[in-house]
Amino acid sequence: MSSVTRVVFLRHGQSKWNYENRFTGWCDVDLSKKGCEEAKQAGMLIQKQGFIFDYAYTSLLKRAIHTLWYVLDKIDQAWLPVEKTWHLNERHYGALQGLNKTEVAKKYGDQQVKEWRRSFDSMPPPLHGINQQFSGYDIRYTKFTLEQFPKSESLALTINRVIPFWNNIILPKIKNKKTILIVAHGNSIRALMKYLDGLNNEEILELNIPTGMPLIYEFNEVVKPVRHYYLNNIV
Ligand SMILES: O=C(O)[C@@H](CO)OP(=O)(O)O
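Residue indices follow the written sequence of each chain, beginning from 1 at its first position. At least 70 in pLDDT is required for a residue's local features to be given in this predicted model, at least 80 for side-chain atom pairs to be given and counted, and no such filter applies to totals for whole chains, interfaces and linings, which use all residues. By convention in this description, side-chain values take in all heavy atoms of the structure and omit both hydrogens and water.

**As for the pattern of salt bridges**
Should a side-chain nitrogen of Lys or Arg be within 4 Å of a carboxyl oxygen of Asp or Glu, the pair is scored as a salt bridge. Applying the stated criterion across every chain yields a total of 9 salt bridges. With a shortest N-O distance of 3.9 Å, Glu38 and Lys34 are connected by a salt bridge. In this pair, Glu38 and Lys34 both sit in helix 2 (residues 33–48), 4 residues apart, roughly one turn of the helix. The buried label goes to any residue with under 20% of its type's maximum accessible area, the exposed label to any with over 50%, and the partly exposed label to all in between, with areas taken from a 1.4 Å probe on protein chains only. By relative accessible area, Lys34 is classed as partly exposed at 49%. A salt bridge links Glu153 to Arg161; the nearest nitrogen and oxygen atoms lie 2.6 Å apart. Owing to a relative accessible area of 4%, Glu153 belongs among the buried residues under this scheme. Only DSSP runs of H or I covering at least 4 residues are called helices, and only runs of E covering at least 2 are called strands; the numbering of each starts at the N terminus.

Quick look at the structure:
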C-alpha cells in the first residue's frame, strides 16, 4: 500500500471574465463554454488515475463550485461530502474587479499590474463605497460585518486566511490518510503552494496556475509534501 497521501488541487475552468481578460476576484462569474469543457476534461484525467476521494472542498464562488460538479459527475462521486468556504475564494481584487487587464496595464504600466497580480505583498487599490462589484451585502457573507469584509487583498492577506483553513481542516485529514480534492482559484492555490513549498517572494512572482489542470500533491507520513505534478494527457 502506498505510504503517500494525495491531495488534488484544481483551479476552476476558464471563467467568462478570464475569457474577457477582466479582473474577477470575489465577483461571482460563471464558467465560459471552454471552462465547462476544461472542467469535464479535468474530471476525465482524475478518473483515469482511479482517485476515490474522502472529502472535497471549494470556495463560495460558482466558477469553482461548477467545476467541482463537473469533476464529481465525471468520476461518479456526486455523493462526496463537500464543504464550501470563503477561505478558498479567489484573492479580493479590490477596485480592479471588473476592469480589463490590458486597459489597466495601459493606464498604470505593465510592471505595476504584474505587482498587483503576482507579488507577495502588493495590494490592489481598495474598493470604495458600495458599487456593483461589492458583495458585502451578499447573504453568503453574513458572517462578516461591513468593516471586516475585504475591500482588497494582497497575496499575503490571502495566505493569512487560506493557511489556517489548511492547518485546521485539511492537515488532520491528511494525517488520517484521507484523499482530498480542493477546487479553488489561481491565487488561493498560489497561497497554498507558497506555504507548502516554502517559495520565496521572487519565486512566487513567476508562479501561475493553469485553469482546469489537476495538480497532485503527495504527502509523506509526517505530512510533508514530497512531490507534486500536473496531470495532463501524457500521464
Ligand atoms: O482576475 C482574477 O480574479 C484572477 C484569476 O482569474 O486573475 P489573475 O490571474 O490576474 O490573478
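There's more to say after this.
**Topic: the UniProt feature "active site" (unreviewed entry) in the protein chain**
UniProt positions are given in the numbering used here, feature names are shortened, and annotations may be inferred rather than shown by experiment. Per the UniProt entry, the sites bearing "active site" (unreviewed entry) are His12 and Glu90 in this numbering. Look at the named residues: they lie 79 residues apart in sequence, but the longest C-alpha span between them is just 10.4 Å, so in the fold they bunch up. Assignment of secondary structure puts His12 in the loop between strand 1 (5–11) and helix 1 (16–19). By relative accessible area, which is 1% here, His12 ends up buried. Here Glu90 shows up in the loop between strand 3 (82–84) and helix 4 (101–108).

**Regarding the sheet that holds strand 6 (residues 225–230)**
One bridge is not enough; two strands pair if DSSP finds at least two bridges between them. Overall, mixed pairing links the 6 strands, which are arranged 3-2-4-1-5-6 in an open sheet. What marks the edges here is a single partner per strand, and that holds for strand 3 and strand 6. Strand after strand, the sheet turns through a mean of 20° between neighbouring axes, direction not considered. In this structure, strand 2 (residues 55–58) lies alongside strand 4 (residues 180–184), joined through 4 bridges in parallel fashion. By the bridge assignment, Tyr55 is partnered in strand 4 with Ile180. Inter-axis angles, ranging from 0 to 180 degrees, are taken between N-to-C directions of lines fitted to C-alpha atoms, where helices are fitted over the stretch in contact.

**Focus on the packing of aromatic side chains**
Any pair of Phe, Tyr and Trp rings, taking the six-membered ring for Trp, is counted once the centres come within 6.5 Å. Such a pair is stacked with planes under 30 degrees apart, edge-to-face with planes over 60 apart, and tilted for the rest. One pass over the full model with this rule turns up 17 aromatic pairs. Each ring, one from Phe144 and one from Phe149, has its centre 5.6 Å from the other, and the planes form 85°; the classification is edge-to-face. Pair check on accessibility: Phe144 and Phe149 agree, each one buried. The rings of Trp26, Trp86, Tyr141, Phe144 and Phe149 are connected pair by pair, giving a single aromatic cluster. Consider the ring centre and the ring normal. A charge sits over the ring if Lys NZ or Arg CZ is within 6 Å of that centre and within 35 degrees of that normal. In this arrangement the basic side chain of Lys101 is found over the ring face of Phe23, its NZ or CZ atom lying 5.1 Å from the centre. Over the ring of Tyr55 we find Lys173, and its NZ or CZ is 4.9 Å from the ring centre.

**Regarding the UniProt feature "site: Transition state stabilizer" (unreviewed entry) in the protein chain**
Cross-referencing UniProt, the feature "site: Transition state stabilizer" (unreviewed entry) maps to His185 in the present numbering. Relative to the assigned elements, His185 resides in the loop between strand 4 and helix 7 (186–197). Exposure remark for His185: the relative accessible area of 0% places this residue in the buried category. Every residue pair with non-hydrogen atoms within 4.5 Å of one another is taken to be in contact. Non-local contacts of His185, meaning those with residues more than four positions away in its chain, are made with Arg11, His12, Ser59, Leu61, Arg63, Ala64, Leu88, Asn89 and Glu90. Polar contacts, as used here, are pairs of N or O atoms within 3.5 Å; protein pairs need one atom able to donate a hydrogen and one able to accept it. Residues neighboring in sequence count only if both atoms are side-chain atoms. In this structure the side chain of His185 is engaged in a polar contact, spanning 2.8 Å, whose partner is the side chain of Ser59.

**Brief notes about unusual backbone geometry**
One non-glycine residue, Asp76, adopts positive backbone phi at about 55°. With respect to the helices and strands, Asp76 occurs in the loop between helix 3 (62–74) and strand 3. Despite not being glycine, Val223 shows a phi value in the positive range, around 55°. Tracing the backbone shows Val223 in the loop between strand 5 (215–219) and strand 6. A residue is classified by how much of its surface remains accessible, and Val223, at 10% relative accessible area, is buried.

**A few points about the packing of helix 2 against helix 3**
The geometry of helix 2 relative to helix 3 is characterised by a closest axis approach of 8 Å and an angle of 40° between their N-to-C directions. Taken together, helix 2 and helix 3 sit at an angle that is classed as oblique. Relative to helix 3, the crossing made by helix 2 is right-handed. Together, Cys36, Ala39, Lys40, Ala42, Gly43, Met44, Ile46 and Gln47 of helix 2 and Thr67, Tyr70, Val71 and Lys74 of helix 3 make up the contact between the two elements. For this classification, Asp, Glu, Lys and Arg are treated as charged, while Ala, Val, Leu, Ile, Met, Phe, Trp, Tyr, Cys and Pro are nonpolar and the rest, including Gly, are polar. Taken together, the residues of the contact of helix 2 with helix 3 break down into 7 nonpolar, 3 polar and 2 charged. The cut-offs work like this: below 35 degrees is roughly parallel, past 145 is roughly antiparallel, 65 to 115 is roughly perpendicular, and the gaps in between are oblique. Note: crossing handedness is left-handed where the near helix turns anticlockwise from the far helix by less than a right angle, and right-handed where it turns clockwise.

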